Amino acid sequence: MDEPSMPTPPPASPPGPPTPPVPLAELLSREELGLRRIAGPADADLLWVHTSEMADPYPYLLGGELLLSAGVLLTDPDHYVGRLVEAGAAALGFGVRPVHETVPAALIEACDRHGLPLLEVPPATPFTTIARAVWRLMAEARHRELRRVTRAQQALATAAARPDPVPAVLHQLAAQLGGRAALLTARGEEIHAAGRAPAEATSAAGRRPAEGNLTAGRPPAEGIPTASRPPTEGTPVAGRPPAEGNLTAGRHPAPRTTAALTRLARVVARERPGAPTSATDTHGDTQLAAYALGGAEGLVLALATRRREPGDHTVAGIAVVLLSLLAAPHQGADAAGRSAALVRMLLGASPAEAAPLLGATGPWTVIHARRTNGAPADALTAGALGASLGTALVDAGRGDGEPVRVLLPGTPEPPRVTSQPGWTLGASAPTPVTALDAADHQAARALAHAQATRAALTTDAPANGLAALVPPEQAAAHARALLAPLTAPLADTLRCWLSLHGNWDRTAVALAVHRNTVRQRIGRCGELLGMDLDDMDVRTELWFALRQG
């Protein structure tokens, strides 16, 4: 075995169904159907049910079907069965009467010869009844697997919150899958591992030996991981409870299994365009799988289990996400730069001295954000917002109604802030790193304005036009003299009221106060300034002055 096998379905084949396969034995156990296997192997997985009386239904089969037929046009049983096997059919159900009194002996011999399960359908059982039974079994299996995946997700999330999250997640994953889970480098070196390799596992795992690779011509069921599918795809299917009591953390697999896992890890860790995010292989009766961790440089999750089921792929996908989040903060130059900047600032460095460590070469932008639905934002939600905006510098706040605050490091071209679904944003104008405190106030005012006007994004634009013609020093001096009688709360209220065109209700919403409070404050501003705030010239001059603060 020089290279891991990575089976992929033929280009013309559609994906598997969004429901789990049904073992043939489960269908045969339904006594009310009266089905009887009279030829072929006992094991088969049913993905579909299809009825056809064509002499050659090959062009209309997807693979994995239980094909039901009364043999209306059956003339050459051997050729007929050969074409079914070539198309990937899982089993053949033959209805007796009114066309055939019994199942033709030649058909029984052909099914035994080609290895296709043959079921005898009694006259009292309509084909539609069989189809309904299969869909019902699929629905039951799906519900069981969804419950199993939900339990696994809760267990993995709990493990991720432990003081030793990476080993804890691996141990829980190994327990859920009944095998071995390991975190490997791109070269196959083991960093952490948990569980026993399948060769060491006892029969308590409840798994049957692998029955070989995919049948030729049959597309793999949806959810079975291949090199062409990312780790989060797939649909949970009928599974089994996790093995209990037969896992020992850190137990090494056989050398050949280790070598196979190393080769598989290199498949997904290769730094080349189009490299797969997951790959699978078999080594004897052991099922192997490897998943590249997102955001972590060259790390791979490797699995060795006795049997691969679609639900395993979904559970592994959950673990991949958690391990990627846990491993990412310790990887790469970005995290190292953030740590170095934090250390320097704690030791007394100025923001201007620490900014280069964060890759900032231009003005910064401060963003304040709140969830549109009013729900509080946790650290993961805030982190996702930061990722959407292109930064890892996010403060999720301490609760109590605090907004999420995001820093966009400057580049030669100021960052372009865009609205984000589910969020209300207020952004400052691009600001030097030495004036981030003023930018923070700008972003807070912009967020209040956005909430009051129900806008998804409001940006506090810098002074331009005629206002930009006045020298900043003279403008600031004039503003201080004009606004000297006002306290800070009154000045903030006046600024917000003017920005909202004198609308009492919107100003009350933006400031989170009663509209009568707004009226009282604005009236007090007019008294202290000795100005008529209904005069447009007065409003214009005050707006110019307030914009300097």
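Residues numbered from 1 in each chain as written. Predicted model: local features only at pLDDT ≥ 70, side-chain atom pairs only at ≥ 80, totals over all residues. Heavy atoms only, no water.

## Here's the deal with the pairing of strand 13 (residues 362–371)
The sheet contact formed by strand 13 and strand 15 (residues 404–410) spans six bridges and is antiparallel. Paired with Gly-362 across the bridge in strand 15 is Gly-410. One ladder, built from five bridges, connects strand 13 with strand 16 (residues 423–427); its direction is antiparallel. Bridging across to strand 16, Ile-367 finds its partner in Ala-427. (Pairing = 2+ DSSP bridges. Helix = DSSP H or I, 4+ residues; strand = E, 2+ residues; numbered from the N terminus.)

## Observations concerning unusual backbone geometry
Cis peptide bonds are those with omega within 30 degrees of zero, and the linkage from Arg-97 to Pro-98 qualifies with 5°. Here His-501, not a glycine, exhibits a phi torsion of approximately 60°, which is positive. With respect to the element layout, His-501 can be found in the loop between helix 13 (488–499) and helix 14 (504–511). Backbone geometry places Ala-512, a non-glycine residue, at a positive phi of 60°. In this fold, Ala-512 is placed in the loop between helix 14 and helix 15 (515–529).

## With respect to the sheet that holds strand 5 (residues 65–69)
Strands sit in the order 2-7-6-5-4 across an open sheet of five strands; the sheet is mixed. Strands with a single pairing partner mark the edges of an open sheet, and in this sheet they are strand 2 (36–39) and strand 4 (48–51). The mean inter-strand angle of the sheet, taken between neighbouring strand axes irrespective of direction, is 30°. Pairing geometry for strand 4 and strand 5, over four bridges, is parallel. By the bridge assignment, His-50 is partnered in strand 5 with Leu-67. Its contacts with the sheet place helix 3 (residues 105–114) against strand 2, strand 6 (91–95) and strand 7 (118–121), and it is angled at close to 80° to strand 2. (Axes fitted to C-alpha atoms, helices over the stretch in contact; angles between N-to-C directions. Contact = heavy atoms within 4.5 Å.)

## So, the nonpolar core
One recurring pattern in soluble globular proteins: nonpolar side chains tend to sit buried together. Within the largest apolar cluster, 28 residues are counted, with the highest numbers of intra-cluster contacts made by Leu-156, Leu-170, Leu-173, Leu-301 and Leu-303. When neighbours within four sequence positions are excluded, Leu-173 is seen to be in contact with Leu-156, Ala-181, Leu-301, Leu-303, Val-315, Ala-316 and Ala-319. In this structure, Ala-44, Leu-46, Leu-68 and Val-121 belong to the second largest nonpolar core, which totals 21 residues. (Core = buried A, V, L, I, M, F, W, Y, C linked by side-chain atoms within 4.5 Å. Buried < 20%, exposed > 50% of the residue type's maximum accessible area, 1.4 Å probe, protein only.)

## Quick look at the sheet that holds strand 13
With respect to topology, five strands assemble into an open sheet ordered 14-15-13-16-17, the strand pairing being mixed. Sheet topology places strand 14 (394–395) and strand 17 (457–459) at the edges, where each strand pairs with a single neighbour. Across two bridges, the pairing between strand 14 and strand 15 is antiparallel. Its bridge partner lying in strand 15, Val-394 is registered against Val-406. Packed onto the sheet, helix 11 (residues 436–453) meets strand 13, strand 15, strand 16 and strand 17 and runs at close to 35° relative to strand 13.

## Section: a negative patch on the surface
Taken together, the side chains of Asp-532, Asp-535, Asp-537 and Glu-541 make up a negatively charged region of the molecular surface. With respect to the helices, strands and loops of the structure, Glu-541 is situated in helix 16 (residues 536–546). Here Glu-541 falls in the partly exposed class, since its relative accessible area comes to 36%. (Patch = residues over 30% accessible without salt bridge, like charges linked within 9 Å, V, L, I, M, F, W, Y side chains within 5 Å. Areas by Shrake-Rupley, 256 points an atom, 1.4 Å probe, with all protein chains shown as cover. Salt bridge = Lys/Arg side-chain N within 4 Å of Asp/Glu carboxyl O. Lys, Arg positive; Asp, Glu negative; His and termini not counted. Charge placed at Lys NZ, Arg CZ, Asp CG, Glu CD.)

## Quick notes on the pattern of salt bridges
Going through the model one piece at a time under the given rule, you end up with 15 salt bridges. Two residues, Arg-83 and Asp-56, come together in a salt bridge whose shortest N-O distance is 3.1 Å. Here Asp-56 lies in the loop between strand 4 and strand 5 and Arg-83 lies in helix 2 (residues 77–87), a separation of 27 residues in the sequence. On the basis of relative accessible area, Asp-56 is assigned to the partly exposed category, the value being 24%. Look at the salt bridges and you will find they share partners, linking Arg-30, Glu-32 and Glu-140 into a network.

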